[in-house]
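Chain by chain, the residues run as shown.
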Amino acid sequence: GAADPAAVTALGAALRDPEGVRADPVAARDLAVRFQQTTGPVMAKGIEDTAFYRWHRLVALNEVGADPATGRHPGTERLHGWAAHQVEHWPGGMTTLSTHDTKRSEDVRARILAAATDGAAWRECTQVFAAAAAEYGVDGPTAHLLWQTVLGTDGIDTQRLTDYLTKAVREAKQHTTWTEQDPDYEDRVLGLARAALEDHALRRPVARALESTRPAARLLVLAQKLLQLMLPGVPDVYQGCELVTDSLVDPDNRRPVDYAVRRQRLAQLDEGERPGDLDDEKLLLTSRALRLRARHPASFGPGSGYRPVQAPGLLGMLRTPPPADEATPTVAAVARLPWTDDPGGGHADTLPAGHWVDELTGRRVVTDGGPLDREQLFPGSGMPVALLVAETEDTADTADAAGVESVTEPGR
């Protein structure tokens, strides 16, 4: 029958304030602890390990701890509000994009989100795979998951894809489960998966979607990494994610990592070689941002400051040391935005007037306190992100060694 409203209200009061239960506060504390221990697993099994395997409108949003509904109206206000709260209350909290438990790596999500910017390509993939699903006797949502997975991983092999889909359809618990498997249905799903990798009629629309949105994917890969490493908190880089990764949910994301390749690439970048591909660009950004944090911890630890920085087509932040620390430089992390020219309603924030050096390129930027301008900050076809440090003797040497020109930010 229906729950007794009075009992539910009393239970809620006890869980919120067990010490306030006069009858038996010890029992109330025990109840609260046990309730907290239970709600996490229940939420995980119900949402992350069931609902997220059934609803596939845009699977990049189906992530641990996330609410896919927020993706319907993306904006910067929530990010900046969260960051301001973190820097004040939880400056040592972890910030990350990928973990041992994420459903898809940060870069798989970036490719899928980028693909969603090309409506025509997205519709073509949806229609082609819906028709193929009917032919193979597979439900539409699973086919929609399949093509987004193939696109997001950009080159996944058959074994990895079939292993992943076997887990996905069993977790969904609609046609087959871990305990009551339907081999017939699973065979049809895996047959469609193999066709997705081998049949040109299925491969072509996915390849077109990937190609048309590759610049947006590159921008997302770098922008989200820059923000993660510079936001308030302690950044965690999951194993292998120094380069672009195509990992899916465990156990796929527990595959061995080739650290020798990463060491070799990093050594070449440290010797002054220009990034040769997106892997190099991501590694350059990751290494330079982490080294910057190590050199100037006061700009990122307890007592440091955070201020949003955004302008048409730009998103970033200003990180400042505690007021008493005059030796630590101010840091500005700014990224171009891929999908909108007006994130701030036409408003353009400013950087403090002064001389800055971009840690990623050695390029000098001179600001006069005027509004940020995307074309001045990102001229030409270079990296779509900038990690600016207020110029000191050390940063001046970096810029001089790079042999690049200064750029003056326009005034108001």
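Nothing here was measured: the structure is a model prediction, and the numbers come from that model.

*Asks:* For this particular structure, what's the right way to read the pairing of strand β6 (residues 354–358)?
*Replies:* Successive residues of a regular strand alternate their side chains across the two faces of the sheet. Sheet analysis places β6 next to strand β7 (residues 364–367), joined by four bridges and oriented antiparallel. Across the sheet, V357 pairs through a bridge with R364, a residue of β7. As consecutive antiparallel partners, β6 and β7 are separated by five residues, and within that stretch G362 has a phi angle of approximately 80 degrees, a positive value. In the sheet, β6 pairs with strand β8 (residues 385–390) via three bridges, with the strands oriented antiparallel. For W356, the partnering residue across the bridge sits in β8 and is A390.

*Asks:* Can you walk me through unusual backbone geometry in this structure?
*Replies:* With the exception of glycine, the majority of residues adopt a negative phi angle, and the majority of peptide bonds are in the trans configuration. For the bond running from D250 to P251, omega is 5 degrees, close enough to zero to count as cis. Position of P251 among the secondary structure elements: in the loop between β2 (234–235) and α11 (259–270). Even without being glycine, D154 reaches a positive phi, approximately 50 degrees. Following the sequence through the fold, D154 ends up in the loop between α6 (140–153) and α7 (158–172). Phi at K173 takes a positive value of approximately 60 degrees, unusual for a residue other than glycine. Along the chain, K173 falls in the loop between α7 and α8 (183–198). According to the relative accessible area criterion, K173 is partly exposed, its value standing at 35%.

*Asks:* How should I be thinking about the packing of aromatic side chains in this particular structure?
*Replies:* Geometrically, a pair of aromatic rings is defined through the distance of the ring centres and the angle of the planes. One pass over the full model with this rule turns up one aromatic pair. Seen in terms of ring centroids, W122 and W147 are 4.7 Å apart; in terms of plane orientation they differ by 75 degrees. Their pairing is edge-to-face. Highlighted residues: W122 in helix α5 (residues 119–136) and W147 in helix α6, separated in sequence by 25 residues. As far as the burial class goes, W122 and W147 line up, both buried.

*Asks:* Sorry if this is basic, but what is going on with α7 here?
*Replies:* Note: α-helices contain 3.6 residues per turn, so residues at a spacing of three or four share the same orientation. Taking 1.5 Å per residue, 15 residues should reach 21 Å; α7 reaches 21 Å between its end C-alpha atoms and fits that length. The buried fraction of α7 amounts to twelve of the 15 residues, a majority that puts the element mostly inside the structure. Taken together, the buried positions of α7 are occupied by R160, L161, T162, Y164, L165, T166, K167, A168, V169, R170, E171 and A172. Residues of α7 that are buried make contact with α2 (25–48), α6 and α8. With a side-chain oxygen lying 3.2 Å from the backbone nitrogen of Q159, the N-terminal cap of α7 falls on D157. Taken from the residues just after α7, K173 is the one with a positive phi, measuring 60 degrees.

Conventions we followed
- Residues numbered from 1 in each chain as written.
- Predicted model: local features only at pLDDT ≥ 70, side-chain atom pairs only at ≥ 80, totals over all residues.
- Heavy atoms only, no water.
- Pairing = 2+ DSSP bridges.
- Helix = DSSP H or I, 4+ residues; strand = E, 2+ residues; numbered from the N terminus.
- Buried < 20%, exposed > 50% of the residue type's maximum accessible area, 1.4 Å probe, protein only.
- Phe/Tyr/Trp six-rings, centres within 6.5 Å; stacked < 30°, edge-to-face > 60°.
- Expected span 1.5 Å × (residues − 1).
- Contact = heavy atoms within 4.5 Å.
- Polar contact = N/O pair within 3.5 Å; in protein donor to acceptor, adjacent residues only side chain to side chain.

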